[in-house]
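Structural overview for review
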Amino acid sequence: MEPILVEALATVKALEFAMDMGFRMVVLEGDSIGVVNRFSSSVPDLSIVGVVLAEGKKLIGQFDSCSVMHTLRDGNKAAHALAQLGVG
């Protein structure tokens, strides 16, 4: 599986978890600038990643406030390690 797809799937899972926990305001941080930019873009993504992004964008719309921000990998070591496990 491509790393960008794994990162996008992890983001959607985080959104689902936040929704299940009843959170209304969410800040997502990721070290994949590609995923962060794609979640922020209004241009349709016709790749397989785009299907995952569409689901995530639908979830984002259900929160009172939700932002997706880029962080450096050093600030996101746990998420990076989990994503690497998903790739392997």
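Our structure is the block above this text.
So, here is what we can say about the structure in this document. (Residues numbered from 1 in each chain as written. Predicted model: local features only at pLDDT ≥ 70, side-chain atom pairs only at ≥ 80, totals over all residues. Heavy atoms only, no water.)

Some words on the environment of L53
With respect to the element layout, L53 can be found in helix α3 (residues 48-60). Residue L53 is classed as buried on the basis of its relative accessible area of 3%. Considered as a pair, L53 and S41 are twelve residues apart in the sequence and their alpha carbons are 10.0 Å apart. (Helix = DSSP H or I, 4+ residues; strand = E, 2+ residues; numbered from the N terminus. Buried < 20%, exposed > 50% of the residue type's maximum accessible area, 1.4 Å probe, protein only.)

Examining the pairing of strand β1 (residues 25-30)
Taking every second residue as pointing to the same face, the buried face of β1 carries V26, L28 and G30, while none of M25, V27 and E29 on the other face is buried. As paired elements, β1 and strand β2 (residues 65-70) share six bridges and run parallel to each other. Counterpart to E29 in the pairing with β2 is M69. (Pairing = 2+ DSSP bridges.)

Concerning helix α2 (residues 33-40)
Given 3.6 residues per turn, any residue in an α-helix points the same way as the ones three and four places further on. Within α2, burial applies to V35, V36 and F39. Axial view of α2: buried residues confined to an arc of 100°, hence all on one face. (Arc of directions from axis to C-beta.)

Considering the environment of V27
Summarising the element assignment, V27 is placed in strand β1. For the pair V27 and L15, spaced twelve residues apart in sequence, the C-alpha to C-alpha distance is 9.8 Å. Not counting residues up to four positions away in its chain, the partners in contact with V27 are S67 and M69. (Contact = heavy atoms within 4.5 Å.)

Digging into the pattern of salt bridges
Tallied over the full model, the rule gives four salt bridges. Here D64 and R24 are joined by a salt bridge, their closest N and O atoms 3.4 Å apart. Highlighted residues: D64 in the loop between α3 and β2 and R24 in the loop between α1 (3-20) and β1, separated in sequence by 40 residues. Residue classification places R24 among the partly exposed residues on the basis of a relative accessible area of 34%. Between E55 and K58 there is a salt bridge whose closest N-O contact spans 3.6 Å. On the criterion of helical spacing, the pair formed by E55 and K58 is a turn pair, its members being three residues apart in helix α3. We classify E55 as partly exposed; its relative accessible area is 32%. (Salt bridge = Lys/Arg side-chain N within 4 Å of Asp/Glu carboxyl O.)

Some words on a nonpolar patch on the surface
On the surface, F17, M21 and F23 cluster together into a nonpolar patch covering about 330 Å² of accessible area. As for its position among the elements, M21 is in the loop between α1 and β1. (Patch = residues over 30% accessible without salt bridge, like charges linked within 9 Å, V, L, I, M, F, W, Y side chains within 5 Å. Areas by Shrake-Rupley, 256 points an atom, 1.4 Å probe, with all protein chains shown as cover.)

Comments concerning α1
Between its first and last C-alpha, α1 extends 26 Å over 18 residues, near the 26 Å set by a 1.5 Å rise per residue. Positive backbone phi, approximately 85°, marks G22, located one or two places after α1. (Expected span 1.5 Å × (residues − 1).)

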